[in-house]
Amino acid sequence: MIRIAAVGDVHVDEDVVGRFRPALEELPDCADVLLLAGDLTRHGTESEARCVAREFGGLGVPVITVLGNHDHQCDQVPQVVKVLEDAGITVLEGTGMVLECTGGRLGVAGVKGFGGGFAGRCASDFGEPEMKAFVRTTNESAEALGKALREMECDLLVALTHYSPVPDTLAGEPLEIYPFLGSYQLGQAIDSAPTALALHGHAHAGTERGTTPGGVRVRNVAHPVIKQAYSIFHLGDHLE
């Protein structure tokens, strides 16, 4: 059994520091790893990243994250990534890593992802250069995730994104903004490998549970959805 703690959309700044830490200190007793599903900061500044490092660094378990759209806002991504990695937090973007856990080898592949929509109601790579660039970004992100998932050698495989791979977990959000909350290409990438679980954030008013077309269980772990410091998932013969 491998125990995964996960949360997204914590939007940490000076006002938030300390809010999660008491529960986080308990992680070594209940989880093998903490996965963060992006939007760690409010505006993506280096100073906010230092707040994230104070809150989520040195927890006694590995911490793995992807960035979210908020973390890109101030165009300080290299600085944000450096601060996080200096604090021992692994940042994935089209990459993956394997952890040796008591219950086996856990592979985590992560990417921020991007929008575009879902089957029957999605953007297409056609028309203006701006639209083509939008869809190309989505496709490249999904392709990177799929490649990272398929190349992993592990016992259990988890996909970590910020944007949603399925519409199920967006229920509660206005239909009009679904194309900006996720894309079906991410779901296809997840289904291209024997993925055990997919975690994402971004949809604050969404729903916790969903499934890819290929049957992979998807969980929206955005903090406004789970309403706790983190959710715990037990991976083995079944998902709890």
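Residues numbered from 1 in each chain as written. Predicted model: local features only at pLDDT ≥ 70, side-chain atom pairs only at ≥ 80, totals over all residues. Heavy atoms only, no water.

**Some words on the overall build of the protein**
Of the regular secondary structure elements, the protein holds seven helices and 13 strands. Against the compact-globule benchmark of 18 Å for 240 residues, the protein has a radius of gyration of 17 Å, which places it among compact chains. Sequence separation of at least 24 residues holds for 74% of the intrachain contacts in the protein that already meet a minimum separation of 6. Split by element, the accessible area of the protein, about 10,400 Å² in all, is 51% carbon and sulfur. Of note, the protein has its 18 positive side-chain charges centred 1 Å away from the centre of its 33 negative side-chain charges. (Helix = DSSP H or I, 4+ residues; strand = E, 2+ residues; numbered from the N terminus. Rg over C-alpha atoms; globule rule 2.2 N^0.38 Å. Contact = heavy atoms within 4.5 Å. Areas by Shrake-Rupley, 256 points an atom, 1.4 Å probe, with all protein chains shown as cover. Lys, Arg positive; Asp, Glu negative; His and termini not counted. Charge placed at Lys NZ, Arg CZ, Asp CG, Glu CD.)

**Details of unusual backbone geometry**
Of note in the backbone geometry, His-11 takes a positive phi value of approximately 45 degrees without being a glycine. The phi dihedral of Lys-227 falls on the positive side, at around 55 degrees, and the residue is not glycine. Counting through the fold element by element, Lys-227 comes out in the loop between helix 7 (223-226) and strand 13 (231-235). Judged by its relative accessible area of 67%, Lys-227 falls in the exposed class. (Buried < 20%, exposed > 50% of the residue type's maximum accessible area, 1.4 Å probe, protein only.)

**Observations concerning the sheet that holds strand 4 (residues 89-91)**
The strands making up a sheet associate through backbone hydrogen bonding, with each pair oriented either parallel or antiparallel. If you walk across this open sheet you meet the five strands as 4-3-2-1-13, and the pairing is mixed. In this open sheet, the two strands that pair with only one neighbour each are strand 4 and strand 13. Strand-to-strand, the axes of this sheet are offset by a mean angle of 25 degrees, without reference to chain direction. Strands strand 3 (63-66) and strand 4 of the sheet are contacted by helix 4 (residues 77-86), whose axis makes an angle of about 140 degrees with strand 4. (Pairing = 2+ DSSP bridges. Axes fitted to C-alpha atoms, helices over the stretch in contact; angles between N-to-C directions.)

**Considering the environment of Thr-65**
Position of Thr-65 relative to the elements: it lies in strand 3. For Thr-65, a relative accessible area of 0% puts it in the buried group. Linking Thr-65 and Val-91, residues 26 residues apart in sequence, is a C-alpha distance of 5.0 Å. Beyond its immediate sequence surroundings of up to four residues, Thr-65 is in contact with Leu-36, Gly-38, Leu-40, Leu-84, Ile-89, Thr-90, Val-91, Leu-92 and Leu-160. A polar atom in the side chain of Thr-65 sits 3.1 Å from the backbone oxygen of Leu-36. (Polar contact = N/O pair within 3.5 Å; in protein donor to acceptor, adjacent residues only side chain to side chain.)

**Comments concerning the pattern of salt bridges**
Tallying each qualifying case throughout the model produces eight salt bridges. One salt bridge connects Glu-46 with Arg-50, and the closest N-O pair in it is separated by 3.4 Å. Highlighted residues: Glu-46 and Arg-50, both in helix 3 (residues 46-56), separated by four residues, approximately one helical turn. You can call Glu-46 partly exposed: its relative accessible area is 31%. (Salt bridge = Lys/Arg side-chain N within 4 Å of Asp/Glu carboxyl O.)

**A look at the packing of aromatic side chains**
Under the definition given, this model contains three aromatic pairs. Ring centres 5.9 Å apart and planes at 40 degrees place the aromatic pair Phe-20 and Phe-56 in the tilted group. Linking Phe-20 in the loop between strand 1 (2-7) and helix 1 (21-24) with Phe-56 in helix 3, this pair joins segments that are 36 residues apart in sequence. Under the relative-accessibility criterion, Phe-20 is labelled buried at 3%. Judged by relative accessible area, which is 0%, Phe-56 ranks as buried. Aromatic ring contacts, followed pair by pair, group Phe-114, Phe-134 and Tyr-163 into a single cluster. (Phe/Tyr/Trp six-rings, centres within 6.5 Å; stacked < 30°, edge-to-face > 60°.)

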